[in-house]
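Letter by letter, the chains look like this.
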Amino acid sequence: EAGVTQFPSHSVIEKGQTVTLRCDPISGHDNLYWYRRVMGKEIKFLLHFVKESKQDESGMPNNRFLAERTGGTYSTLKVQPAELEDSGVYFCASSQFGSEAFFGQGTRLTVV
Amino acid sequence: RKEVEQDPGPFNVPEGATVAFNCTYSNSASQSFFWYRQDCRKEPKLLMSVYSSGNEDGRFTAQLNRASQYISLLIRDSKLSDSATYLCVVSPRGGYNKLIFGAGTRLAVHP
């Protein structure tokens, strides 16, 4: 069975540009989460989808970040415009209700 | 104050050693507790859940003290393959929703 898949694995963009990260959860998982780890800090929660609905977006840092999960399958996280402090590793995770959350390998974003 | 605090490490131990990691959390209403393992440049992976009664999985023993808001992980007979970063993780709402991660403790097991 395929795990959580994230695209791209790496992205280098200039400050002010837009980047879209994609996450394909494990098939059938209703819960989808986005997390990120900035350099030297702990992994932090960004938001939680249940199917296509945002259950909790309390961790989203500001309105430059937009997450969508149309149709309740894959999700995208768009950063527009990107700032230097957005650099880090963005992880996606998915789970069935009450079961273990499995993480993708992450997208390493570098804003220069 | 961080929501989840861990020993900063790194811990450098020889093969066969016993090593203990500690963690404290600030939200007394937290519902679920875990240890995750993260290898360099990889994703976090669940090592084990932690229960008040204590639980063991092979060489790994985890313990939760709700009164002290303290979580521990003991690794016995360390193997080279145990080298990784160990993340203490708490869920305020229970289950795997909105996981709060500690910064991690790095373990290096040497021959």
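Located above this text is the structure these notes cover.
Residues numbered from 1 in each chain as written. Chains lettered and ligands numbered in written order. Predicted model: local features only at pLDDT ≥ 70, side-chain atom pairs only at ≥ 80, totals over all residues. Heavy atoms only, no water.

(A) Fine view of the interface of chain B and chain A. In this assembly, 17 residues from chain B lie in contact with 19 residues from chain A. Carbon and sulfur atoms supply 51% of the area that chain B and chain A bury against each other, a total of about 1,700 Å² over both sides. Where chain B touches chain A, the interface holds two salt bridges. The residue B:Lys2 makes a salt bridge to A:Glu42 at a minimum N-O spacing of 4.0 Å. Breaking the side of chain B that touches chain A down by element, the ones donating at least two residues are β4 (32-38) and β5 (44-49) of chain B. (Contact = heavy atoms within 4.5 Å. Buried area = accessible area lost by both parts, 1.4 Å probe. Salt bridge = Lys/Arg side-chain N within 4 Å of Asp/Glu carboxyl O. Helix = DSSP H or I, 4+ residues; strand = E, 2+ residues; numbered from the N terminus.)

(B) Expanded view of the state of the cysteines. If you walk through the whole model with that rule in mind, you get two disulfides over all chains. Two residues share a disulfide in this structure: A:Cys23 and A:Cys92, whose sulfurs sit 1.9 Å from each other. Of note, the bridge from A:Cys23 to A:Cys92 carries an S-S torsion of about -65 degrees and is left-handed in sense. Of this pair, A:Cys23 sits in strand β3 (residues 19-24) while A:Cys92 sits in strand β9 (residues 88-95), and the two are 69 residues apart along the sequence. In this model B:Cys23 forms its disulfide with B:Cys88; the gap between the sulfur atoms is 1.9 Å. Judged by the sign of its S-S torsion, about -70 degrees, the cystine formed by B:Cys23 and B:Cys88 is left-handed. You can see B:Cys23 sitting in strand β3 (residues 19-25) and its partner B:Cys88 sitting in strand β9 (residues 84-91), a full 65 residues away along the chain. An identical accessibility class is assigned to B:Cys23 and B:Cys88; each is buried. (Disulfide = S-S within 2.5 Å. Buried < 20%, exposed > 50% of the residue type's maximum accessible area, 1.4 Å probe, protein only.)

(C) Main features of the environment of A:Thr20. All names here are of chain A. Of note, Thr-20 is situated in strand β3. A relative accessible area of 42% means that Thr-20 is categorised as partly exposed. For Thr-20 and Ser-9, which are 11 residues apart along the polypeptide, the C-alpha to C-alpha distance reads 12 Å. Not counting residues within four places of it along the chain, the set of residues in contact with Thr-20 comprises Pro-8, Thr-76, Leu-77 and Lys-78.

(D) The packing of aromatic side chains, seen in detail. If you walk through the whole model with that rule in mind, you get 13 aromatic pairs over all chains. A centroid spacing of 5.7 Å and a plane angle of 75 degrees characterise the contact between A:Tyr35 and A:Phe45, whose relative ring orientation is edge-to-face. A residue pair is termed long-range when its members are at least 10 positions apart, and A:Tyr35 in strand β4 (residues 31-37) and A:Phe45 in strand β5 (residues 44-50) qualify at 10 residues. Since its relative accessible area comes to 0%, A:Tyr35 is described here as buried. What makes A:Phe45 buried here is its relative accessible area of 7%. Considering the side-chain rings of A:Phe103 and B:Tyr36, the 5.9 Å spacing of their centres and the 85 degrees angle between planes classify their relative orientation as edge-to-face. Of this pair, A:Phe103 sits in strand β10 (residues 102-103) while B:Tyr36 sits in strand β4, placing the two residues on different chains. With relative accessibility at 7%, the residue A:Phe103 sits in the buried group. Looking at B:Tyr36, the relative accessible area reads 0%, which means it is buried. Here the aromatic residues A:Tyr33, A:Tyr35, A:Phe45, A:Phe91, A:Phe103, B:Phe34, B:Tyr36, B:Tyr96 and B:Phe101 are joined through ring pairs into a cluster of three or more. Above the plane of the ring of A:Tyr74 lies A:Arg22, whose end atom (NZ or CZ) is 3.8 Å from the centre. (Phe/Tyr/Trp six-rings, centres within 6.5 Å; stacked < 30°, edge-to-face > 60°. Lys NZ or Arg CZ within 6 Å of the ring centre and 35° of its normal.)

(E) Region of interest: the sheet that holds strand β8 (residues 70-75) of chain B. All names here are of chain B. Read from one edge to the other, the open sheet built from five strands follows the order β1-β3-β8-β7-β6, with strand pairing classed as antiparallel. Edge positions in the open sheet fall to β1 (4-6) and β6 (55-57), since each of these has one partner strand only. Taken pair by pair, the neighbouring strands of this sheet meet at an average axis angle of 20 degrees, ignoring direction. By the bridge criterion, three bridges tie β6 to strand β7 (residues 60-65) in an arrangement that is antiparallel. Looking at β7, one finds that Asn-55 is bridged to Ala-62. (Pairing = 2+ DSSP bridges. Axes fitted to C-alpha atoms, helices over the stretch in contact; angles between N-to-C directions.)

(F) How the structure looks around the pattern of salt bridges. Under the definition given, this model contains 10 salt bridges over all chains. One salt bridge connects B:Asp39 with B:Arg37, and the closest N-O pair in it is separated by 2.9 Å. Since its relative accessible area comes to 28%, B:Asp39 is described here as partly exposed. Taking the shortest distance from any N to any O, the salt bridge between B:Glu56 and B:Arg76 comes out at 3.6 Å. Here B:Arg76 lies in the loop between β8 and β9 and B:Glu56 lies in strand β6, a separation of 20 residues in the sequence. Assessed through its relative accessible area of 58%, B:Glu56 is described here as exposed. Exposure remark for B:Arg76: the relative accessible area of 26% places this residue in the partly exposed category. Counted as one network, the salt bridges with shared partners bring together A:Glu42, A:Lys44 and B:Lys2.

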